[in-house]
Amino acid sequence: MKTIKVLGTGCANCNTTIQLIEEQAKGKGVQVQLEKVDDVAEIMRYGVMSTPGVVVDEKLVHAGGVPSRETIDSWLGGNSGGGCCSGGACGG
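Just so you know, these numbers come straight off a predicted model, no measurement behind them. (Residues numbered from 1 in each chain as written. Predicted model: local features only at pLDDT ≥ 70, side-chain atom pairs only at ≥ 80, totals over all residues. Heavy atoms only, no water.)

A.B. asks: Explain the overall build of the protein to me, using residue names and the numbers behind them.
C.D. replies: Along its length, the protein carries three helices and four strands. Put simply, the protein runs from its N terminus to its C terminus through helices and strands in the order β-α-β-α-β-β-α. In the protein, which comprises 92 residues, the share counted as buried stands at 37%. When the accessible area of the protein is evaluated, it comes to approximately 5,000 Å², of which 46% is carbon and sulfur surface. (Helix = DSSP H or I, 4+ residues; strand = E, 2+ residues; numbered from the N terminus. Buried < 20%, exposed > 50% of the residue type's maximum accessible area, 1.4 Å probe, protein only. Areas by Shrake-Rupley, 256 points an atom, 1.4 Å probe, with all protein chains shown as cover.)

A.B. asks: An account of a nonpolar patch on the surface is needed here, citing residue identities and associated values.
C.D. replies: A cluster of nonpolar residues, V40, M44 and M49, forms a patch on the protein surface that exposes about 340 Å² of accessible area. Along the polypeptide, M44 turns up in helix α2 (residues 40-45). (Patch = residues over 30% accessible without salt bridge, like charges linked within 9 Å, V, L, I, M, F, W, Y side chains within 5 Å. Salt bridge = Lys/Arg side-chain N within 4 Å of Asp/Glu carboxyl O.)

A.B. asks: Talk me through unusual backbone geometry; I want residue IDs and the actual numbers.
C.D. replies: Look at the link from T51 to P52: it is a cis peptide, with omega at 0°. The backbone of E58 sits at a positive phi, close to 65°, despite the residue not being glycine. For E58, the position within the fold is in the loop between β3 (53-56) and β4 (59-63).

A.B. asks: Could you give me a rundown of helix α3 (residues 69-76), with the residues and numbers involved?
C.D. replies: Buried residues of α3: I72, S74, W75 and L76, and no others. Contacts made by the buried residues of α3 are with β1 (2-7), α1 (12-28), β2 (32-37), β3 and β4. (Contact = heavy atoms within 4.5 Å.)

A.B. asks: For the pairing of β2, give the residues involved together with the corresponding values.
C.D. replies: Each regular strand carries side chains that alternate between the two faces of the sheet. As paired elements, β1 and β2 share six bridges and run parallel to each other. Across the sheet, the residue bridging to I4 is L34, located in β2. Viewed along the sheet, the connection from β1 through α1 into β2 turns out right-handed. (Pairing = 2+ DSSP bridges. Right-handed = clockwise from strand over helix to strand, strands pointing away.)

A.B. asks: Which residues make up the packing of α1 against α3, and what are the values?
C.D. replies: Two numbers describe how α1 lies on α3: the axes approach to 10 Å, and their chain directions differ by 60°. Relative to α3, the element α1 lies oblique. Between α1 and α3 lies a crossing of right-handed hand. Contact residues: α1 offers L20, I21, E23, Q24, A25 and K28, while α3 offers R69, I72, D73, W75 and L76. Counted by class, the contact of α1 with α3 contains six nonpolar, one polar and four charged residues. (Axes fitted to C-alpha atoms, helices over the stretch in contact; angles between N-to-C directions. Parallel < 35°, antiparallel > 145°, perpendicular 65-115°, else oblique. Left-handed = near helix turned anticlockwise from the far one by under 90°. Nonpolar A, V, L, I, M, F, W, Y, C, P; charged D, E, K, R; others polar.)

Everything listed here is a matter of coordinates, which is why it stays silent on function.
Rendered as structure tokens:
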């Protein structure tokens, strides 16, 4: 089971990200433990300056904007080839 944290204070993009992850996980038949993190201090601990941020198994994989369904699928499938958000916004 993958542990996924969505980092954000409740903006529309954060809520959409949670919904997309839930939908993609259900569609792929992947069990996830999804956690919403809205504590600003904890979000900053991950180095996220632009939300939503997404942490998969304690690795920051995305920051800023809503991730695509394809990107979410790569996280759920265990594909580590994509690395961090392609624009480098999350410092990875």
